[in-house]
Amino acid sequence: MAWNNEEEVDVVITLVSRVGSQACGADGATGFIDQVKHPSWWSSDAASPQVGDRLHTVVLDDTRTPPRLSALQSDINIARVLREREESQ
């Protein structure tokens, strides 16, 4: 199953590298979370990503392989506003 831009997806981190994390959704689809799109990049209170972590994310770019995701609440909020605008048109 493919994810779409602005879609919210619950994922589990399956691989952590120095540039980001690979994540897998319940549907088996995979995505990538750049290190700057993980809360630990912005806050010392947030734990660094670890394999097995469960995150609520949003799809930022579904044209990439794998799709680019974000676990930042600000990006999730922006996606919600964009979806609301699309639904109201």
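Throughout what follows, the structure given in this document is the object of discussion. The residue numbering used here restarts from 1 in each chain and proceeds along that chain's sequence as written. Note on the predicted model: pLDDT of at least 70 is required for a residue's local features to be given, and 80 or more for side-chain atom pairs to be given and counted; whole-chain, interface and lining totals, by contrast, use all residues. Note that the side-chain values use all heavy atoms of the structure and ignore hydrogens as well as water.

**Notes on the pattern of salt bridges**
By definition here, a salt bridge exists when the distance from a side-chain nitrogen of Lys or Arg to a carboxyl oxygen of Asp or Glu is within 4 Å. Scanning all chains against the criterion turns up five salt bridges. One salt bridge in this structure joins Glu8 and Arg80, with 2.7 Å as the shortest N-O distance. Pair noted here: Glu8 is in strand β1 (residues 8-16) and Arg80 is in helix α1 (residues 73-88), with a separation of 72 residues, a long-range link. Burial status follows relative accessibility: with a 1.4 Å probe on protein chains alone, a residue under 20% of its type maximum counts as buried, one over 50% as exposed, and anything between as partly exposed. According to the relative accessible area criterion, Arg80 is partly exposed, its value standing at 34%. A salt bridge links Asp34 to Arg68; the nearest nitrogen and oxygen atoms lie 2.4 Å apart. Highlighted residues: Asp34 in strand β3 (residues 30-34) and Arg68 in strand β5 (residues 68-70), separated in sequence by 34 residues. Residue classification places Asp34 among the buried positions, given a relative accessible area of 17%. Members of the salt-bridge network, linked through shared partners, are Glu8, Arg80 and Arg83. Each helix is a run of H or I in the DSSP string that is no shorter than four residues. Each strand is a run of E no shorter than two, and both are numbered from the N terminus.

**A look at the sheet that holds β5**
Any two strands with at least two DSSP-identified bridges between them are counted as paired. An order of β1-β2-β3-β5-β4 is seen for the five strands of this closed barrel, with the pairing classed as mixed. In this sheet, adjacent strand axes meet at a mean angle of 55 degrees when their direction is disregarded. As defined by bridge partners, strand β4 (residues 54-61) adjoins β5 across three bridges and the pair is classed as antiparallel. Each residue of the ladder has a partner; that of Val58, found in β5, is Ser70. Any two residues whose heavy atoms approach within 4.5 Å at even a single point are treated as in contact. To get an axis, fit a line to the C-alpha atoms, keeping to the stretch in contact for a helix; angles then go from 0 to 180 degrees between the N-to-C directions. Strands β1, β4 and β5 of the sheet are contacted by α1, whose axis makes an angle of about 55 degrees with β4.

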